[in-house]
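So you can see what is in the structure, the chains are spelled out below.
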Amino acid sequence: MPLKRRQFVFLSGISGFGLAFLSKIQNHSSDRNPNLNLVSQAQSLTSEPTLRFVSLADTGTGAKGQYAVAQAMTQYHKQNAFDLAILAGDNIYNDGEIEKIGAVFERPYEPLLQQGVKFRACLGNHDIRTANGDPQVKYPGFNMQGRYYTFRRDAVQFFALDTNNNADWKLQLPWLETELSRSDAPWKVVFGHHPIYSSGHYGTNQEFIKNLTPLFQKYNVQLYINGHDHNYERTRALNDITYLTCGAGAGVRPVGRSEWTEHSAEKLSFAAYEVYGDRIEISAIDTKNQVFDQGIVQYMG
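Note that the structure is a prediction, hence the values are computed from the model and not measured. Each residue is numbered by its place in its chain's sequence as written, counting from 1. Local features in a predicted model are, by the rule used here, given only for residues with pLDDT of at least 70; side-chain atom pairs are given and counted only at 80 or more, and totals for whole chains, interfaces and linings are based on all residues. Calculated side-chain values reflect all of the structure's heavy atoms, with hydrogen atoms and water omitted.

Q: Which residues make up the nonpolar core, and what are the values?
A: The term nonpolar core refers to a set of buried residues drawn from Ala, Val, Leu, Ile, Met, Phe, Trp, Tyr and Cys, joined through side-chain atoms within 4.5 Å. Each residue's exposure class comes from its accessible area (1.4 Å probe, protein chains only) as a fraction of the maximum for that residue type: buried when under 20%, exposed when over 50%, partly exposed otherwise. Ranked by size, the top nonpolar core spans 57 residues in total, and within it F53, M73, F119, F158, F191, F270 and Y273 carry the most contacts. Contact partners of F158, with chain neighbours within four places excluded, come to L51, F53, L84, I86, Y149, T150, F151, R153, V189 and F191. By size, the runner-up hydrophobic cluster in this structure holds 20 residues, among which are F159, Y197, I209 and Y243. Contact definition: two residues touch when any of their heavy atoms are within 4.5 Å.

Below is the structure:
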């Protein structure tokens, strides 16, 4: 059977990451089917994802860094069409002024918006400086259904949080548990502005580790996406949960490494996700359209 061009490019590009992943599949599957061969594994890798989406944060400067990332997203879209973008806060610098929306959102992402990409935002600490962020919650282009909300796309249910210091956790935390408990989606992805685990400027958040991660573990959340630290960082799976910082959507700050870090980088970038039945493949993409990190979130059932 002839390979599609995308399949050929993908397979021809398999190197350390791809071979390691194939080996992982082979080792994981050998107990069930010792005759599983590399060809069938490669075919499973080239099957089309059920959903593609991207994420970025700390974007709303209207400066050249934001435009460079937006252009890289547009280029990625040409080769790997997606119609969902997660905007993880600090959508309008410096003070969340909605009158800047043209300069910091509508113009940078105009090519994507014209092609039907829907952005789903949450509020960052800069966003609440004007009217507590209410104008952004009401802005149609951010598709927010409140300060915190949930929506489903195919096999993935997303949960947007208000992680700001004035968030109403007495209402939000019970809401989150209720929505997580009633969800029958195989994949559960939570996003908020502030990190839980971070090797950047702001570090880890002990209150979130205490109050949020037990809910994530209890209800099988597989991925948490955030910004706030202006860098990229992907953790290893911590109790089957991957934590991903994608706050380099317009500018960068230094980032280190911690015991949980799989990859960290000080690069203007966004993250792209391909959702399959058994995994989510994550790619970090810089403004030169280069993939500088790849990872797998494995479905654990």
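Q: With reference to specific residues and values, describe the sheet that holds strand β8 (residues 232-235).
A: The strands that make up a sheet are held in pairs by hydrogen bonds between backbone atoms, and each pair lies either parallel or antiparallel. Across the sheet, which stays open at both edges, the seven strands sit in the order β4-β5-β6-β7-β9-β8-β10 with mixed pairing between neighbours. The outermost strands of the open sheet, each flanked by one partner alone, are β4 (149-153) and β10 (261-265). With strand direction ignored, the average angle separating the axes of adjacent strands in the sheet is 15°. Paired strands, as defined in this entry, are two strands with at least two bridges between them according to DSSP. We count a stretch as a helix when DSSP gives it H or I for four or more residues in a row; a strand needs E for two or more, and each element gets its number in order from the N terminus. The pairing of β4 with strand β5 (residues 156-160) spans five bridges and is classified as antiparallel. Note on β5: the bridge partner recorded for T150 is F159. Helix axes use the C-alpha atoms of the stretch in contact, all axes being lines fitted to C-alpha atoms, and the angles between their N-to-C directions lie in the range 0 to 180 degrees. Packed on one face of the sheet, helix α8 (residues 169-182) meets β4, β5 and β6 (187-191) and runs near 175° to β5.

Q: Kindly report on the pattern of salt bridges, identifying the contributing residues and their values.
A: The salt bridge definition used is simple: a Lys or Arg side-chain nitrogen within 4 Å of an Asp or Glu carboxyl oxygen. Under the definition given, this model contains 14 salt bridges. The partner of K100 in a salt bridge is E97, and the shortest N-O contact between them spans 3.3 Å. Classification of K100 by relative accessible area gives partly exposed; the value is 33%. Taking the relative accessible area as the measure of exposure, E97 reaches 14% and is therefore buried. A salt bridge links D293 to R234; its shortest N-O distance comes to 2.8 Å. Here D293, found in strand β13 (residues 291-298), pairs with R234, found in strand β8; they are 59 residues apart in sequence, far enough to count as distant. Per residue, the accessibility class of D293 equals that of R234, and both read buried. Several salt bridges converge on common partners, so that one network encompasses E48, R52 and E274.

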